[in-house]
Amino acid sequence: MEEVLRFRSPVQMMNRIVKRDTEFRGQSLKAGQFVSVILGSANRDESKFEHADRFDITRQTTGQMAFGHGIHHCMGMPLARMEARIVFEELSERMPHFHITEGRTMEPLSTFVVHGLSKLPLTVKQEAFEA
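Attention in this report is confined to the structure presented alongside it. What you are looking at is a predicted structure, and each value in this text was computed from that prediction instead of being measured.

### Regarding the overall build of the protein
Scanning the protein from N- to C-terminus turns up 3 helices and 8 strands. Put simply, the protein runs from its N terminus to its C terminus through helices and strands in the order α-β-β-β-β-α-α-β-β-β-β. Computed over C-alpha atoms, the radius of gyration of the protein comes to 19 Å, more than 25% over the 14 Å expected from 2.2 N^0.38 for 131 residues, which places it beyond the range of a compact globule. Referenced to the eigenvectors of the C-alpha coordinate spread, the extents of the protein come out at roughly 65 × 30 × 25 Å. Sequence-distant contacts, at least 24 apart, represent 48% of the contacts inside the protein between residues at least 6 apart. In the form shown here, the protein has an accessible surface area of approximately 10000 Å², with 58% of it arising from carbon and sulfur atoms. Measuring between centres, the 17 positive side-chain charges of the protein sit 7 Å from its 17 negative side-chain charges.

Here it is as structure tokens:
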């Protein structure tokens, strides 16, 4: 799940207002200045994730930013992780023979702020219904 969140973070950007004058990686930030934090970019940081632009389900992903970080992390993070785990467990138990429909593609819902799917065409193989 962590690699999925890292690779295809549902929330791509958050906006913040700088509280006090500071410097970040050589950039001066002034109190009251509006800044955008690009989480999708942070999750593709080559200094943090080797071959960051490659999806690797076996990757031991730690430190992804899909839910923010520190005091700005998503309060719904534990619930979102639990819901995703339950969905994948139930799908694999109830429909072990499903796959993405051949010749059809997923239709991404992709804005500058949010990523997701508007359609995911699935096929369930006949043997799934045979007793």
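### Some words on unusual backbone geometry
A positive phi angle, near 50°, is found at R25, a position not held by glycine. Mapped onto the elements, R25 comes out in the loop between β2 (22-24) and β3 (27-29).

### A closer look at the environment of S28
Its location among the elements puts S28 in strand β3. Considered as a pair, S28 and L91 are 63 residues apart in the sequence and their alpha carbons are 49 Å apart. Dropping the residues within four chain positions of it, S28 is found in contact with T22, E23 and Q33.

### Digging into the side chain of S9
Within the fold, S9 resides in the loop between α1 (2-7) and β1 (13-17). Excluding its chain neighbours within four sequence positions, the residues that come into contact with S9 are V4, N43, A66 and H115.

Basis of the calculations
Residues numbered from 1 in each chain as written. Predicted model: local features only at pLDDT ≥ 70, side-chain atom pairs only at ≥ 80, totals over all residues. Heavy atoms only, no water. Helix = DSSP H or I, 4+ residues; strand = E, 2+ residues; numbered from the N terminus. Rg over C-alpha atoms; globule rule 2.2 N^0.38 Å. Contact = heavy atoms within 4.5 Å. Areas by Shrake-Rupley, 256 points an atom, 1.4 Å probe, with all protein chains shown as cover. Lys, Arg positive; Asp, Glu negative; His and termini not counted. Charge placed at Lys NZ, Arg CZ, Asp CG, Glu CD.

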